[in-house]
Amino acid sequence: MFQEFLKQSLIKLKTTLPYRLIINNLILIVIAIVLLFLTIHSIIYSIFFGLFLMHLYKNNRLFFKITIIFIMITICSYYYHICRLPTVQNNIQSGKGKVVQIDYFEKYQKIYLKSNDGIIILYDDYHFSLKVGLIITFTGIPKKVYGKRVFKGFDYAKYLQRQKVVGIVNLKEIQIIEYKFDYRIIRQQIYNYLHKNFSKESFLFLQGILFGDTSFFDEIFYNSLIDIGVIHLFAISGLHIKLFISLLTNFLKKLKVHEKLINISVAGLLVFYLIITLWSPSILRASLMYLINRINKKYNLRLSSLDIVSLVFILLIIINPLYIYHYGFLMSFCVSIIIILCSPLVSHLSSLKQILVISVVTQILSFPIVVNLNSKYNLMSPFVNVLYILGVSSFILPFAIIVFIFPFLDFLFRLLVMIFSRLTILINENFSIFINFPKFTNIQTILYVGLIFSILKFYYNRKLQRYLIVLFIGLIFILSNTTFFKPYGSIYFLDLHNGESIVIQEPFNQCNVIIDTGDGKNNVVTNFLLN
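Since the structure is predicted, the reported quantities are computational estimates derived from the model, not experimental observations. (Residues numbered from 1 in each chain as written. Predicted model: local features only at pLDDT ≥ 70, side-chain atom pairs only at ≥ 80, totals over all residues. Heavy atoms only, no water.)

Participant: Give me the overall build of the protein chain: which residues, what numbers.
Facilitator: Assigned secondary structure in the protein chain consists of 21 helices and 10 strands. Its C-alpha atoms put the protein chain at 75 × 65 × 50 Å along the principal axes. Here the protein chain holds 531 residues, and 43% of them are scored as buried. Look at the contacts in the protein chain between residues 6 or more apart in sequence, and 66% of them connect residues 24 or more apart. Working note: accessible area of the protein chain is about 29300 Å², and carbon and sulfur atoms make up 64% of it. If you average the places of the 49 positive and of the 24 negative side-chain charges in the protein chain, the two averages end up 16 Å apart. (Helix = DSSP H or I, 4+ residues; strand = E, 2+ residues; numbered from the N terminus. Buried < 20%, exposed > 50% of the residue type's maximum accessible area, 1.4 Å probe, protein only. Contact = heavy atoms within 4.5 Å. Areas by Shrake-Rupley, 256 points an atom, 1.4 Å probe, with all protein chains shown as cover. Lys, Arg positive; Asp, Glu negative; His and termini not counted. Charge placed at Lys NZ, Arg CZ, Asp CG, Glu CD.)

Below you can see the structure in the form of structure tokens.
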């Protein structure tokens, strides 16, 4: 009944003029939404936003009206979510709530408590015996949360607010009131299964490669993954979803299971995976893309791959506009779009060359995000990525799934993890070429990304492409030497945890002076200088 209703609705939808206008143009709505958020962030971007809307209005007034409708829905959703955000408090000493998540560490456990006001994070040094679903009361010492203390620094208070966290407490005492079932206990049961059946090395690696939890990784190994640019392989993505679905469908087809049951099983797998990854934005993206792609093929909706990615972006941003502040969310869409744009241009190449070209272009496109996160970039990342993508997708990830199901293979997997870890550290120490780069502003990012997309769009126009490449190289040169073009001096006062530091910068980078650097805790001064 529902399928028939859906089929008839989609058939009617395909015949409408708005639908025919939207086909192959959804990416323009995405651009409009991105410019909207930039305008909300700073009024200066309203110039770009206004010019883009004028362009849409001149080209097609009906499509312009459709875009305005999506913009209005996004604005309403954004301010609805903003108004519901809690205020982060520094004076919470006691409270009551439901345990919804527990992260285990060697010396403590981190408990997420859902209260009436929002999420309270409890740091438990006593390792109280708790599980997801318990209703508890607690007492403890409030942990002070600071906002942005340094120019261009990280605003931890705002980050917590967007996670709906109202406060952080060092736990002293708890009292268990009752237990109520919570679906999130499945994640804790998976953790217990891994902890019980696997060695420490295998357990930590499986947590990362299968569930995207890298918080337990050794610091040297984790930093090496970041430095060589392959940490994204431990962020759950479409690669994982495709592999899981492929393994499940092939297995069920061999058992001659009916297609309807296969579809139900796949849907169940996606829901299960969303639960154990706590509704990760990247998994939501990959799951929605799979679902819409299936509907597109079944009902011949004529949506291109770019349309599907754009539609998923629009849906997720409307559902939760705060995803726009999630670096992983933005990077996953950037990578998806660049792969779609590059695929036709490299289709004549061999598989290995395709992966290399797409890896290089993806690394170039994601350069501003990487720099804003790390303040440096490894020139060897595109080439190392090819080796790691091939190794992880064709061997390590499938083997991790097999070992998860058959724990007796742990001894082999442990050996593989040790080799992988030492090889990663070795590559980082001996085959890395780093360049330091200042953080990108939003305007610089727009110019950078705009030039890349222009180079790809006019790929076959060699004359124009040469001019665009020259402009791109010029932009990189200027951005990497902004301090040398700065005609005025600056004085920055850095609020450190135990004092302050003063940085004096003369015009045209003639001289830089640092007065007092504190005790070096939290790398505040170092990070400021790198930025």
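Participant: Lay out the side chain of Thr-424 in plain terms, naming residues and giving numbers.
Facilitator: If you trace the backbone, Thr-424 turns up in helix H18 (residues 410–430). Residue classification places Thr-424 among the buried residues on the basis of a relative accessible area of 0%. Beyond its immediate sequence surroundings of up to four residues, Thr-424 is in contact with Phe-221, Ser-224, Leu-225, Ile-228 and Tyr-388.

Participant: Describe the sheet that holds strand S5 (residues 165–179), with residues and values.
Facilitator: In spatial order, the strands read S1-S2-S3-S5-S4; together these five strands close into a barrel with mixed pairing. The sheet shows a mean angle of 55 degrees between the axes of neighbouring strands, direction not considered. Sitting on the sheet, helix H7 (residues 185–197) touches strand S1 (94–104) and S5, and the angle it makes with S1 is about 40 degrees. (Pairing = 2+ DSSP bridges. Axes fitted to C-alpha atoms, helices over the stretch in contact; angles between N-to-C directions.)

Participant: Outline the nonpolar core, listing residues and values.
Facilitator: Core analysis: the biggest nonpolar cluster contains 107 residues, and Leu-122, Phe-205, Ile-209, Leu-210, Phe-413 and Phe-420 have the highest contact counts within it. If near-sequence neighbours (up to four positions away) are discounted, Phe-205 is found in contact with Phe-217, Phe-221, Phe-234, Ile-396, Phe-413, Val-417 and Phe-420. Of all hydrophobic cores here, the second largest spans 22 residues; its members include Leu-365, Phe-367, Leu-451 and Leu-456. (Core = buried A, V, L, I, M, F, W, Y, C linked by side-chain atoms within 4.5 Å.)

Participant: Which residues make up helix H14 (residues 327–346), and what values do they have?
Facilitator: Note that an α-helix has 3.6 residues per turn; residues three or four places apart therefore point the same way. Between its terminal C-alpha atoms H14 stretches 28 Å, which fits the 28 Å expected from 20 residues at 1.5 Å a residue. Those residues of H14 that fall on the buried side of the exposure criterion are Phe-329, Ser-332, Phe-333, Ser-336, Ile-337, Ile-338, Cys-342, Leu-345 and Val-346. Elements that come into contact with the buried residues of H14 comprise helix H3 (26–41), helix H12 (281–299), helix H13 (305–319), helix H15 (351–365) and helix H19 (442–457). (Expected span 1.5 Å × (residues − 1).)

Participant: Would you mind going over H15 in detail, with residue names and values included?
Facilitator: Over its 15 residues, H15 extends 21 Å from the first C-alpha to the last, a length consistent with the 21 Å expected when each residue adds 1.5 Å. Within H15, the full set of buried residues consists of Ile-358, Ser-359, Val-361, Thr-362, Gln-363 and Leu-365. Close packing links the buried residues of H15 with H14, helix H16 (367–374), strand S6 (376–378), helix H17 (381–405) and H19.

Participant: Quick one: what's the story with the pattern of salt bridges, residue by residue and with numbers?
Facilitator: With the rule as written, the count across this model stands at six salt bridges. Taking the shortest distance from any N to any O, the salt bridge between Asp-213 and Arg-187 comes out at 3.8 Å. Of the two residues, Asp-213 sits in the loop between helix H8 (200–211) and helix H9 (219–227) while Arg-187 sits in helix H7, which places them 26 residues apart along the sequence. Here Asp-213 matches Arg-187 in class, with each residue buried. (Salt bridge = Lys/Arg side-chain N within 4 Å of Asp/Glu carboxyl O.)

Participant: Give a detailed account of the environment of Glu-219, specifying residues and quantitative values.
Facilitator: Residue placement: Glu-219 occurs in helix H9. The exposure class assigned to Glu-219 is exposed, which follows from its relative accessible area of 59%. Residues Glu-219 and Ile-433, spaced 214 residues apart in sequence, show a C-alpha to C-alpha distance of 20 Å.

Participant: Would you mind going over a nonpolar patch on the surface in detail, with residue names and values included?
Facilitator: Taken together, the side chains of Ile-44, Ile-47, Phe-48, Leu-51 and Met-54 make up a nonpolar region of the molecular surface, amounting to roughly 480 Å² of accessible area. For Leu-51, a relative accessible area of 52% puts it in the exposed group. (Patch = residues over 30% accessible without salt bridge, like charges linked within 9 Å, V, L, I, M, F, W, Y side chains within 5 Å.)

Participant: Can you lay out the side chain of Gln-101 for me, pointing to particular residues and giving the numbers?
Facilitator: Tracing the backbone through its elements, the reader meets Gln-101 in strand S1. Gln-101 gets classed as buried once you look at its relative accessible area, which sits at 16%. Side-chain polar atoms of Gln-101 contact the side chain of Asp-103, separated by 3.3 Å. Setting aside chain neighbours within four positions, we find Gln-101 in contact with Lys-110, Ile-111, Tyr-112, Val-132, Arg-187 and Leu-278. (Polar contact = N/O pair within 3.5 Å; in protein donor to acceptor, adjacent residues only side chain to side chain.)

Participant: Lay out the state of the cysteines with the relevant residues and their values.
Facilitator: Cysteine pairs can be covalently joined through their sulfur atoms, and such a bond is termed a disulfide. Summed over the entire model, instances satisfying the criterion amount to zero disulfides. Cys-83 takes part in no disulfide bond, and the closest cysteine sulfur, belonging to Cys-76, lies 11 Å away. (Disulfide = S-S within 2.5 Å.)

Participant: Lay out the packing of aromatic side chains with the relevant residues and their values.
Facilitator: Summed over the entire model, instances satisfying the criterion amount to 35 aromatic pairs. Measuring from centroid to centroid gives 5.2 Å for Tyr-57 and Phe-64, while their planes differ by 85 degrees, and the two rings are edge-to-face. By the ring-pair criterion, three or more aromatic residues cluster together here, those being Phe-205, Phe-217, Phe-221, Phe-234, Tyr-388, Phe-395, Phe-399, Phe-413 and Phe-420. When the ring centre of Tyr-325 is taken as reference, the NZ or CZ atom of Arg-162 above it lies at 3.5 Å. (Phe/Tyr/Trp six-rings, centres within 6.5 Å; stacked < 30°, edge-to-face > 60°. Lys NZ or Arg CZ within 6 Å of the ring centre and 35° of its normal.)

That is the geometry; function is a separate question.
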